[in-house]
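Listed below, chain by chain, are the residues.
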Amino acid sequence: MSQNTSNLPFNNWSRRQILQGSLTLFGLSLAGGSIGFKHLFSNFNPAVKIPNFELDTNPILDNPFNPMTILREFDYGTVKKENGQIIRQYEVTAKSSLLHLNTSLDFMTWNLNDRVPGPTLRATEGERIRIIFHNEDGHSHTLHFHGTHPSEMDGVKPIRHGKTAIYEFEAKPFGVHLYHCHVAPVTRHISKGLYGMFIVDPPSPRPPADEMVMVLGGYDINNRKKNDVYAINGIPNYYRDNPIPIYQNQLVRLYILNMIEFDPVATFHIHGNMFKVYRTGRTLIPDEETDMITMGTAERHILEFHYQYPGKFMFHPHQDTIAEYGCLGNFNVVKN
Ligand SMILES: [Cu+2]
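Residues numbered from 1 in each chain as written. Predicted model: local features only at pLDDT ≥ 70, side-chain atom pairs only at ≥ 80, totals over all residues.

Caption draft 1: Structural context of helix α5 (residues 320-327). The complete set of buried residues in α5 reads Ile322, Ala323, Gly326 and Cys327. One side of α5 carries all its buried residues, which in axial view fall inside an arc of 115°. Opposite the buried face of α5, at more than 90 degrees from it, the exposed residues are Asp320 and Thr321. Contacts made by the buried residues of α5 are with β12 (210-219), β13 (229-232), β16 (265-270) and β21 (311-316). (Buried ≥ 20, exposed ≤ 12 C-beta atoms within 10 Å, placed from the backbone. Helix = DSSP H or I, 4+ residues; strand = E, 2+ residues; numbered from the N terminus. Arc of directions from axis to C-beta. Contact = placed C-beta atoms within 7 Å.)

So, in structure tokens, the structure goes:
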């Protein structure tokens, strides 16, 4: 059973980035026979390099999270051994908090671990995982996972304010999945921010790549069952104003999830390039190559591409309203 020890962080991150607090290693500990470590960052394969960049500390908006950090952040939980069995354990807390979407628009989110989307939980197929869910919000919520699990772990029974629930099951099948609150009206609980990505890696890891996560969401500010603004990784137009640095000719593996409620579909398009599609992340060989993919709500895929030419390239849903109201971004391709 893999413990992902090969994924320990730091290999590609500068000391400055670490000191900036954009990258934090949580509680590294080794104690008598049990292995307990928690790290949040992905396949830190020495073969993969990430361009240095200054993390925008977002002083105007002053939010509890930064979409540039969310982009390449993976929560592998804490691995422990109990009665001879290895368990990968995560902590997820529901709360309410105010998010500054732009300089003139605030929104009271219901969120997980103080961020929208919630943490990108990641495990390897076949591992036993345990999600400890604390509900510190005033409303009842749940965590309902996609993937295969027993009925009693399906996360549809409301967990009241101040209560804790434990969801435990085997991570399967490999692919890109999601989790979200399943309390009615679900559209409201999701559009308020209670969702996140759940990646199950295949037993043999995918090849090294600059891995990143994009979760598309919408905000129904006035509770009209209609989105007023949209965002990739929580903050509208963040990557339009802060382009994502990637290296020329290096493989990018993008885990993408559409969590936009109220609009039937969202598309995704990248400029100046094509991408390979692994539908729902359920294959190891690509299903197709295109530059446009259509996703219903909760639909998700792995897209792989590398940029042949340096420079700035846009990405966005091709429904231009969704793009113009918050889902527009840029890659900044730099020479390696
Ligand atoms: Cu809820």
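Caption draft 2: Structural view of the environment of Asn227. Within the fold, Asn227 resides in the loop between β12 and β13. Considered as a pair, Asn227 and Ser191 are 36 residues apart in the sequence and their alpha carbons are 8.7 Å apart. For Asn227, the residues in contact, after removing those within four places along its chain, are Gly218, Tyr219, Asp220, Ile260, Phe262 and Asp263.

Caption draft 3: Looking closely at the environment of Pro208. Position of Pro208 relative to the elements: it lies in the loop between β11 (195-201) and β12. In sequence terms Pro208 and Pro46 are 162 residues apart; their C-alpha atoms lie 8.8 Å from each other.

Caption draft 4: Fine view of the nonpolar core. Ranked by internal contacts, the top residues of the largest apolar core, which has 73 residues, are Met197 and Leu216. With six residues, β12 is the single largest residue contributor to this core. Those residues in contact with Met197 that sit more than four places away from it in its chain are Pro117, Thr120, Val176, Leu178, Val213, Val215, Tyr255 and Leu257. (Core = buried A, V, L, I, M, F, W, Y, C linked by C-beta atoms within 7 Å.)

Caption draft 5: Region of the structure containing the sheet that holds strand β17 (residues 275-279). Spatial strand order, β13-β12-β15-β20-β17-β18: six strands in an open sheet with mixed pairing. Edge positions in the open sheet fall to β13 and β18 (288-290), since each of these has one partner strand only. Going across the sheet, the axis of each strand differs from the next one's by a mean of 25°, ignoring polarity. Pairing analysis gives four bridges linking β17 to strand β20 (residues 300-305), with the strands arranged antiparallel. Across the sheet, residue Arg279 finds its bridge partner in β20, namely His301. (Pairing = 2+ DSSP bridges. Axes fitted to C-alpha atoms, helices over the stretch in contact; angles between N-to-C directions.)

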